[in-house]
Structure formats: C-alpha cells, structure tokens
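# Reading the structure
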Amino acid sequence: MTLFSVEGKTVVVTGGSRGIGRMIAAGFAAAGATVYISARRAAELGKTAAELGCRAVPADLSTPEGVSALVEAVDGPVHVLVNNAGATWGAPLEEFPEHAFDKLWDINVKGVFFLTQKFLPRLREAATPDDPARVITIGSVDGIRVPDLPTYAYSSTKAAVHILTRHLARHLAEENITVNAIAPGPFESKMMAFALDDPETRRAVASHVPLGRIGRPDDMAGTAIYLSSRAGAYLTGAVIPVDGGITA
C-alpha cells in the first residue's frame, strides 16, 4: 500500500544493533528501505547488519567525532533519521552520582540534538512538501510519568527529549522536515532485561500494562514506519506513547 510505503527511502537508525533500534531497523529493511545502523560495539553491530540486510557504521554518538563519522558514512539524501541511541542509570537518591547525569545528558539529549543538526543538509535534500523528511526521536513513558524505579537522570533526559522534539518540529516545519517522538513502554531490550528475563518479574510488569503484555517488535516498527510514510506526513511535534495504555 503506497499510503504506508517506505520503499526506496534512506533511513538512519542509531543504537540499531539491539533492542528497540533493531526492531525499527528490521521493520524498515523488510519494507524495502536502505537502512544504516550505528552503535559503539562494532562486532555486535556487524552481526545485526548482516542478519537484517543493513549497513553498519560503528560510532560513539556521545562524542563530536562519532557524530561526524556517522554523517560522513551515509551516502546521499536522508529521508528518515531515527535518534534511538540511549543509556540508563539507576541508584538510590542519596547515592546517585553526578557523572551519571553527565553521561546520560551527553548520550540521550546532546546526542539527539547534534546528530540532527549535522544531518540537516541531508534531510533538506530529501524533503519535499508532499513527502517531508522525517526525524524520529525515541523518548520513554518514563519521561511522561514518574516510574517506580530510581532512574532520576534517565527520566529527566527523556522528558528533555520530548520537549526538544517539539522545539525541532516547530523550527523545521517550514523546511518540510517533521519531528516526532515515540515514547515506548516495556519492550525487550538491554535496559529492560533486568526485569523481563525473570519470568515472575516479567508477569508483574505485564500485569501493570492495560493491554496485558510486553511490547512486540512489530508494535515499534509499525509506529516508526507510519511516521515515515505518506500516512504520517501531516504529523509533527507529537509524542506518541507506544505503551499498551500505561500512560492512559
């Protein structure tokens, strides 16, 4: 269906070697897009790229050098940029270290801003009034509501990602570039492995989701493809919870 087609588009997915990034990359690759994935660990990234039919670009996006390396490795116009790379940290309030805030701010917020900034010339090349270029940021339900776990820095940075998404959407709309955020609930990922790998804890997590289950790869890929297709061309500045109803 052309309404939801992303065939022939060039898509860049950061943090694409595993978890939510892999789910999104797999969906785009299966739908006929040319997909570049990036992550720090080259061996794991290469394995995922081979399995999905993507192009691998190892890079540490918390550094200016890593951002430049990714931008330079991608050929031609970029139709879709998915800012997924992120990190988390949990510790009791009295013990929460300052360097955790610094690390998560660099990766989760500054990384999103400066990678989008550096990709702007490529996004402008791809953008048209009828088919805008798309930027998708990956936030979190923990940036919408306060979680039970002591993830102070993570939740704060994801809330920052949501408002940054709206800032970028407002200022890039006149250039035919849309910017939207996806706020995932519980999905299979390294960040959630501590809870989801244990059957009893997994059941407890699922019991707090109104739809009664953990998110599946198609749930995440489908939302990203919608935002990148003709079907999502008139949407910008939105934060979409993909959480089974948690934030409801």
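Residues numbered from 1 in each chain as written. Predicted model: local features only at pLDDT ≥ 70, side-chain atom pairs only at ≥ 80, totals over all residues. Heavy atoms only, no water.

With an unreviewed UniProt entry as reference, the chain is termed NAD(P)-dependent dehydrogenase, short-chain alcohol dehydrogenase family, source organism Nonomuraea pusilla. Among the UniProt annotations of the chain, the heading Sequence similarities (unreviewed entry) holds the following wording: "Belongs to the short-chain dehydrogenases/reductases (SDR) family." (UniProt positions renumbered as here; feature names shortened; annotations may be inferred.)

Let's shift gears to the overall build of the chain. For the chain, the count of helices and strands is eight helices and seven strands. Its C-alpha radius of gyration of 17 Å places the chain within 12% of the 18 Å reference for a compact globule of 248 residues. Its C-alpha atoms give the chain principal-axis dimensions of roughly 50 × 40 × 35 Å. Counting only residues that meet the buried cut, the chain has 48% of its 248 residues in that class. Long-range pairs, those at least 24 residues apart, make up 69% of the contacts in the chain between residues at least 6 apart in sequence. Accessible surface for the chain amounts to roughly 11,800 Å². Of this, 55% is attributable to carbon and sulfur atoms. Once the 23 positive and 26 negative side-chain charges of the chain are each reduced to a mean point, those two points are 3 Å apart. (Helix = DSSP H or I, 4+ residues; strand = E, 2+ residues; numbered from the N terminus. Rg over C-alpha atoms; globule rule 2.2 N^0.38 Å. Buried < 20%, exposed > 50% of the residue type's maximum accessible area, 1.4 Å probe, protein only. Contact = heavy atoms within 4.5 Å. Areas by Shrake-Rupley, 256 points an atom, 1.4 Å probe, with all protein chains shown as cover. Lys, Arg positive; Asp, Glu negative; His and termini not counted. Charge placed at Lys NZ, Arg CZ, Asp CG, Glu CD.)

Within the element layout of this structure, L45 appears in helix α2 (residues 42-52). Classification of L45 by relative accessible area gives buried; the value is 0%. Note: C-alpha distance between L45 and N180 (135 residues apart in sequence) is 26 Å. With near-sequence residues (within four places) excluded, L45 lies in contact with S17, I37, S38, A39, A56, V57 and P58.

This part takes up the sheet that holds strand β6 (residues 177-184). The sheet built from seven strands is open, its strands ordered β3-β2-β1-β4-β5-β6-β7 with parallel pairing. A strand with exactly one partner marks an edge of an open sheet, and here the two such strands are β3 (55-58) and β7 (239-242). Each neighbouring strand pair of the sheet contributes to a mean axis angle of 20°, computed without reference to strand direction. Alignment of strand β4 (residues 80-83) against strand β5 (residues 133-138), held across four bridges, turns out to be parallel. Note that in β5 the partner of V82 across the bridge is I136. Relative to the sheet, helix α8 (residues 217-228) contacts β4, β5, β6 and β7, its axis offset from that of β6 by approximately 165°. (Pairing = 2+ DSSP bridges. Axes fitted to C-alpha atoms, helices over the stretch in contact; angles between N-to-C directions.)

For the rest of this paragraph, the subject is the pairing of strand β1 (residues 10-14). Of all five residues in β1, five are buried, a share of seventy percent or more. Where burial is concerned, the two faces of β1 agree: the one with T10, V12 and T14 and the one with V11 and V13 are both buried. With five bridges connecting them, β1 and strand β2 (residues 34-39) associate as parallel partners. Bridged to T10 within β2 is T34. Considered for its hand, the β-α-β crossover made up of β1, helix α1 (residues 19-30) and β2 is right-handed. (Right-handed = clockwise from strand over helix to strand, strands pointing away.)

Enumeration according to the criterion identifies three aromatic pairs in this entry. Ring centres 5.4 Å apart and planes at 65° place the aromatic pair F96 and F101 in the edge-to-face group. Judged by centre distance (5.0 Å) and plane angle (90°), the ring pair of F113 and F114 falls under edge-to-face. Relative accessible area serves as the criterion here: at 37%, F114 is assigned to the partly exposed category. An aromatic cluster is present here, built from F96, F101 and Y152 joined pairwise through their rings. (Phe/Tyr/Trp six-rings, centres within 6.5 Å; stacked < 30°, edge-to-face > 60°.)

In this section: the layout of surface pockets. Here the second largest pocket is characterised by a volume of approximately 200 Å³. Looking at the second largest pocket, the residues that line it are P129, D130, P132, A173, N176, I177, T178, R230, A233, Y234 and T236. A class-by-class count of the residues in the lining of the second largest pocket yields six nonpolar, three polar and two charged. (1 Å grid on protein atoms, 1.4 Å probe; cavity = no way out; pocket = protein on both sides within 12 Å on 5 of 7 lines; lining within 4 Å. Points joined across faces, edges and corners; volume = space filled by probe spheres on them. Nonpolar A, V, L, I, M, F, W, Y, C, P; charged D, E, K, R; others polar.)

All right, on to α2 then. Listing the buried residues of α2 in full gives L45, T48, A49 and L52. All buried residues of α2 fall inside an arc of 100° around its axis, so they share one side. In α2, the exposed positions angled more than 90 degrees off the buried face are occupied by A43, K47 and A50. Of the surrounding elements, those touching the buried residues of α2 are α1, β2 and β3. Of the residues one or two after α2, G53 is the one with positive phi, at around 80°. (Arc of directions from axis to C-beta.)

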